[in-house]
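# Descriptive analysis of the structure
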Amino acid sequence: MLPFGREALPHWPLDPDVTYLNHGTVGVTPVRVLEAGRKIRDEIERRPAQFLLRELSAIAVGLPRAEAPRMRIAAARVATFLGAREPDLVFVENATTGVNAVLRSMDFRPGDEILVTDLAYGAIAKSAAHAAARSGATVRTAETPPADKGGGAIVDAIVGAIGPRTRLAIVDHVASESALVLPLREIAARIRAKGVAVLGDGAHAPGMLPLEIASLGVDWYTGNLHKWAWSPRSAAILWAAPERQAGLHPPVISWGLGEGLATEFDWVGTRNPAAFLAAPAGIDWMEAWGVDAVRAHNHALAWEAAVTLPRRWGTERPVDESMVGSMVTLPLPMHLGSASGDAARLRDALLFEDRIEVQIHPWRGRLWVRISTQVYNDSADLERLGAAVARRA
Ligand SMILES: Cc1ncc(COP(=O)(O)O)c(C=O)c1O
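First, a word on scope: everything that follows refers to the structure included in this document. (Residues numbered from 1 in each chain as written. Predicted model: local features only at pLDDT ≥ 70, side-chain atom pairs only at ≥ 80, totals over all residues. Heavy atoms only, no water.)

### Regarding the packing of aromatic side chains
This model, assessed by the stated rule, comprises 6 aromatic pairs. Seen from their ring centres, Phe4 and Trp289 are 6.5 Å apart, and the 75° between their planes marks the pair as edge-to-face. Taken together, the positions of Phe4 in the segment before strand S1 (19–20) and Trp289 in helix H10 (residues 274–289) put the pair 285 residues apart, joining distant regions of the chain. Joined through ring pairs, the aromatic side chains of Phe4, Trp12, Trp230, Trp285, Trp289 and Tyr376 make up one cluster. Its end group placed over the ring of Trp285, Arg32 keeps NZ or CZ at 3.8 Å from the ring centre. (Phe/Tyr/Trp six-rings, centres within 6.5 Å; stacked < 30°, edge-to-face > 60°. Helix = DSSP H or I, 4+ residues; strand = E, 2+ residues; numbered from the N terminus. Lys NZ or Arg CZ within 6 Å of the ring centre and 35° of its normal.)

Listed below in structure tokens is the structure:
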């Protein structure tokens, strides 16, 4: 039986003097998986040309090999974990790259619309704006109601923002700052019923949520493995429905152009593929720990934060448990401020004075804290955050 809470911390490379409640931001790789990645790097460096130009992808020198390319073997393991078929899934460095691949592959016309929501990650909204501006298209931003109005109201707001010229909707599976888990399957079904393509942004979903990508009913789906699937940075996936694969290109064009999805994405120039190839080790390690037990621990702790901290701070609990995964976003006491400068100050004070690393941001006239909970966290971490905020409130 592997440990949970403080006892699990030695399995992670984190500084034990810092209370790390920020797993979702850039992910943390377990010690064992870092080691697996190092071994792969060593193997590459022993015979780099053979590894990268004969074994890695279908872009190869020499006579054809009987073995599948290493990128495909790794993709198959990840695909099984995520409920997808191997040929439909490729590696990209991160979710931003996955979204950009889809945006750059679409042929927008003047007057077309790309729908994003006001919950979208800033870099994704910017990517959509860039793609739109290059072709005379526009971005429409769906305004979502507060989370305490319930998931149904959020779904209605997103679907209701589809217009006659909407070509693509980018919909979060787990939203970034708000940490809300959205019913992507239902949203995708209603949007696609209007003839609009859906790109699921699952930056936080692999590992956090049980996933069956192929049955979500989206056209494309991207998700990071380096946040919640215990994989090294930078490892993420892009999935495309079979009928969406023709014409889908990586943002960087290389030798595989026109050779099919996997061949195009598996080789985009010389790079270090160790993180992709070590992703299966991350999934193996999470499975050894117990995927269900990991999710249950992380969710229970996030929900414990949602129940206990607002009570302590005299604030409201803004969210229903059904929209909480392994992160929760809570409002902070009003007098801690409302501007991005206030957020930066508080974030720095918590890190440099209290040694607590947590995400803080302004949103709709006040500050919010997004608390990530992973196997190495326990109630004492929440207690420390609760006390540090209460002392300043
Ligand atoms: C919803 C969402 N989309 C996209 C991203 C971008 O992820 P990355 O920086 O790994 O590309 C994030 C990052 O946190 C996110 O929360």
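### What about the environment of Val196?
Its location among the elements puts Val196 in the loop between helix H8 (184–192) and strand S6 (197–201). Overall, Val196 belongs to the buried group, its relative accessible area being 4%. The spacing of Val196 and Pro164 is 32 residues in sequence and 9.3 Å in space, taken between C-alpha atoms. Beyond its immediate chain neighbours, meaning those up to four positions away, Val196 contacts Ile162, Thr166, Arg167, Leu168, Ala169, Ile191 and Asp219. (Buried < 20%, exposed > 50% of the residue type's maximum accessible area, 1.4 Å probe, protein only. Contact = heavy atoms within 4.5 Å.)

### Points about the environment of Asn224
Position of Asn224 among the secondary structure elements: in strand S7 (residues 220–224). Those residues in contact with Asn224 that sit more than four places away from it in its chain are Asn94, Ala95, Gly202, Ala203, Pro206, Ala235 and Ala236. Polar contacts involving the side chain of Asn224 include one to the main-chain amide nitrogen of Ala95, which spans 3.0 Å. (Polar contact = N/O pair within 3.5 Å; in protein donor to acceptor, adjacent residues only side chain to side chain.)

### What about the sheet that holds strand S9 (residues 327–331)?
Judged by pairing direction, the sheet is antiparallel, and its 3 strands sit side by side in the order S9-S12-S11 without closing on themselves. The open sheet has two free edges, formed respectively by S9 and strand S11 (359–363), since each of these has just one partner strand. The mean inter-strand angle of the sheet, taken between neighbouring strand axes irrespective of direction, is 25°. Judged from the 5 bridges that link them, S11 and strand S12 (residues 366–372) form a sheet pairing that is antiparallel. Among the inter-strand pairings, Trp363 is bridged to a residue of S12, identified as Arg366. On top of the sheet, helix H11 (residues 291–313) reaches S9 and S12; it is set at about 15° to S9, its chief contact. (Pairing = 2+ DSSP bridges. Axes fitted to C-alpha atoms, helices over the stretch in contact; angles between N-to-C directions.)

### Quick look at the site of the ligand
Within the structure, the ligand sits among 14 residues, and Thr96, Asp201, His204, Asn224 and Lys227 are positioned closest to it. Contact between the ligand and Asn94: an oxygen atom at 3.5 Å from a side-chain N or O atom of the residue. Between an oxygen atom of the ligand and a side-chain N or O atom of His226, the distance comes to 3.3 Å. Tallied by class, residues from the shell around the ligand come to 5 nonpolar, 6 polar and 3 charged. (Near = heavy atom within 4 Å. Nonpolar A, V, L, I, M, F, W, Y, C, P; charged D, E, K, R; others polar.)

### A word on the nonpolar core
Judged by nonpolar contacts, the single largest core of 107 residues is most densely connected at Phe91, Ile191, Tyr221, Ile237, Ile371 and Leu385. No other element matches the 10 residues that H10 contributes to this core. For Tyr221, the residues in contact, after removing those within four places along its chain, are His173, Leu184, Leu199, Gly200, Gly202, Ala205, Leu211, Ile213, Leu216, Ile237, Leu238 and Trp239. (Core = buried A, V, L, I, M, F, W, Y, C linked by side-chain atoms within 4.5 Å.)

So, to be careful, I would describe these as geometric facts and stop short of saying anything about function.
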